[in-house]
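Analysis of the macromolecular model
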Amino acid sequence: MTPAEKTAQARSLLDTPLFHALWDEMEAAAINACIYADPKDDEKRGAYAAEARAIRNFRSKLNALVSEANTQRNGAPA
(Lines give C-alpha, C1' and ligand atoms only; values in the text may rest on other atoms or scores of the structure.)
Protein backbone atom coordinates (compact mmCIF):
# COMPACT_ATOMS: atom_id res chain seq x y z
CA MET A 1 0.00 0.00 0.00
CA THR A 2 1.43 3.35 -0.99
CA PRO A 3 1.63 6.29 1.42
CA ALA A 4 -1.05 8.10 -0.58
CA GLU A 5 -3.36 5.09 -0.27
CA LYS A 6 -2.74 4.92 3.48
CA THR A 7 -3.55 8.59 3.83
CA ALA A 8 -6.73 8.24 1.78
CA GLN A 9 -7.89 5.27 3.87
CA ALA A 10 -7.08 7.08 7.13
CA ARG A 11 -9.01 10.14 5.94
CA SER A 12 -11.95 7.91 5.00
CA LEU A 13 -12.02 6.32 8.45
CA LEU A 14 -11.77 9.66 10.22
CA ASP A 15 -14.63 11.05 8.12
CA THR A 16 -16.97 8.27 9.31
CA PRO A 17 -19.03 9.20 12.39
CA LEU A 18 -19.61 5.54 13.29
CA PHE A 19 -15.85 5.01 13.48
CA HIS A 20 -15.57 7.70 16.16
CA ALA A 21 -18.64 6.50 18.03
CA LEU A 22 -17.40 2.91 18.24
CA TRP A 23 -13.86 3.83 19.28
CA ASP A 24 -15.17 6.33 21.85
CA GLU A 25 -17.35 3.58 23.31
CA MET A 26 -14.50 1.08 23.41
CA GLU A 27 -12.12 3.58 25.01
CA ALA A 28 -14.67 4.59 27.65
CA ALA A 29 -15.40 0.94 28.44
CA ALA A 30 -11.68 0.17 28.87
CA ILE A 31 -11.16 3.21 31.11
CA ASN A 32 -14.21 2.41 33.23
CA ALA A 33 -13.17 -1.22 33.54
CA CYS A 34 -9.72 -0.09 34.66
CA ILE A 35 -11.16 2.31 37.23
CA TYR A 36 -13.69 -0.15 38.64
CA ALA A 37 -11.51 -3.27 38.58
CA ASP A 38 -10.63 -4.82 41.91
CA PRO A 39 -7.82 -2.72 43.40
CA LYS A 40 -5.96 -5.93 44.26
CA ASP A 41 -6.09 -7.22 40.68
CA ASP A 42 -3.11 -5.41 39.16
CA GLU A 43 -3.04 -7.67 36.13
CA LYS A 44 -6.63 -6.91 35.13
CA ARG A 45 -6.25 -3.16 35.73
CA GLY A 46 -3.03 -3.16 33.72
CA ALA A 47 -4.71 -4.97 30.84
CA TYR A 48 -7.58 -2.47 30.72
CA ALA A 49 -5.16 0.46 30.91
CA ALA A 50 -3.12 -1.06 28.07
CA GLU A 51 -6.29 -1.44 26.01
CA ALA A 52 -7.17 2.24 26.51
CA ARG A 53 -3.60 3.26 25.55
CA ALA A 54 -3.72 1.07 22.44
CA ILE A 55 -6.99 2.68 21.33
CA ARG A 56 -5.54 6.16 21.84
CA ASN A 57 -2.34 5.24 20.01
CA PHE A 58 -4.29 3.85 17.07
CA ARG A 59 -6.38 7.00 16.77
CA SER A 60 -3.29 9.19 17.12
CA LYS A 61 -1.55 7.28 14.35
CA LEU A 62 -4.51 7.81 11.99
CA ASN A 63 -4.60 11.51 12.82
CA ALA A 64 -0.85 11.77 12.28
CA LEU A 65 -1.12 10.12 8.86
CA VAL A 66 -3.71 12.66 7.77
CA SER A 67 -2.01 15.70 9.28
CA GLU A 68 1.36 14.66 7.86
CA ALA A 69 -0.16 14.56 4.40
CA ASN A 70 -1.70 17.99 4.94
CA THR A 71 1.62 19.67 5.74
CA GLN A 72 3.64 20.89 2.82
CA ARG A 73 7.28 20.01 2.68
CA ASN A 74 9.31 22.93 1.45
CA GLY A 75 12.73 21.35 1.38
CA ALA A 76 15.35 21.57 4.10
CA PRO A 77 14.46 23.35 7.33
CA ALA A 78 16.06 26.73 7.87
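Provided above is the structure to which this section pertains.
None of the values given here were measured: they were computed from a predicted structure. (Residues numbered from 1 in each chain as written. Predicted model: local features only at pLDDT ≥ 70, side-chain atom pairs only at ≥ 80, totals over all residues. Heavy atoms only, no water.)

Focus: the packing of helix H1 (residues 3-14) against helix H3 (residues 42-70)
At a closest axis distance of 9 Å, the pairing of H1 and H3 adopts a crossing angle of 120 degrees. Considered as vectors, H1 and H3 are oriented oblique to each other. The interaxial crossing formed by H1 with H3 has left-handed handedness. Here Lys 6, Thr 7, Ala 10, Arg 11, Leu 13 and Leu 14 of H1 lie close against H3, whose contacting residues are Leu 62, Asn 63, Leu 65, Val 66, Ala 69 and Asn 70. (Axes fitted to C-alpha atoms, helices over the stretch in contact; angles between N-to-C directions. Helix = DSSP H or I, 4+ residues; strand = E, 2+ residues; numbered from the N terminus. Parallel < 35°, antiparallel > 145°, perpendicular 65-115°, else oblique. Left-handed = near helix turned anticlockwise from the far one by under 90°. Contact = heavy atoms within 4.5 Å.)

Some remarks on the pattern of salt bridges
Summed over the entire model, instances satisfying the criterion amount to four salt bridges. The partner of Arg 56 in a salt bridge is Glu 27, and the shortest N-O contact between them spans 2.4 Å. One end of the pair, Arg 56, is in helix H3; the other, Glu 27, is in helix H2 (residues 17-36), and 29 residues separate them in sequence. A residue is classified by how much of its surface remains accessible, and Arg 56, at 46% relative accessible area, is partly exposed. Since its relative accessible area comes to 12%, Glu 27 is described here as buried. Among the ionic pairs, Glu 27 bridges to Arg 59, the shortest N-O distance being 3.1 Å. Here the residue Glu 27 occupies a position in helix H2, and Arg 59 occupies one in helix H3, the gap between them amounting to 32 residues. The pair Glu 27 / Arg 59 is uniform in exposure class, with both members buried. Here the salt bridges do not stand alone but share partners, grouping Asp 24, Glu 27, Arg 56 and Arg 59 into one network. (Salt bridge = Lys/Arg side-chain N within 4 Å of Asp/Glu carboxyl O. Buried < 20%, exposed > 50% of the residue type's maximum accessible area, 1.4 Å probe, protein only.)

As for H3
Spanning 29 residues, H3 covers 41 Å between terminal C-alpha atoms, matching the ideal 42 Å at 1.5 Å per step. Along H3, the positions that sit buried rather than exposed are Ala 52, Ile 55, Arg 59, Leu 62 and Val 66. Summarising the contacts, the buried residues of H3 are in contact with H1 and H2. (Expected span 1.5 Å × (residues − 1).)

Re the packing of aromatic side chains
On inspection of all chains with the given rule, the structure shows three aromatic pairs. For the ring pair Phe 19 and Phe 58, a centre distance of 6.3 Å and an interplane angle of 50 degrees mean the geometry is tilted. With Phe 19 in helix H2 and Phe 58 in helix H3, this pair connects stretches of sequence that are 39 residues apart. Under the relative-accessibility criterion, Phe 19 is labelled buried at 11%. (Phe/Tyr/Trp six-rings, centres within 6.5 Å; stacked < 30°, edge-to-face > 60°.)

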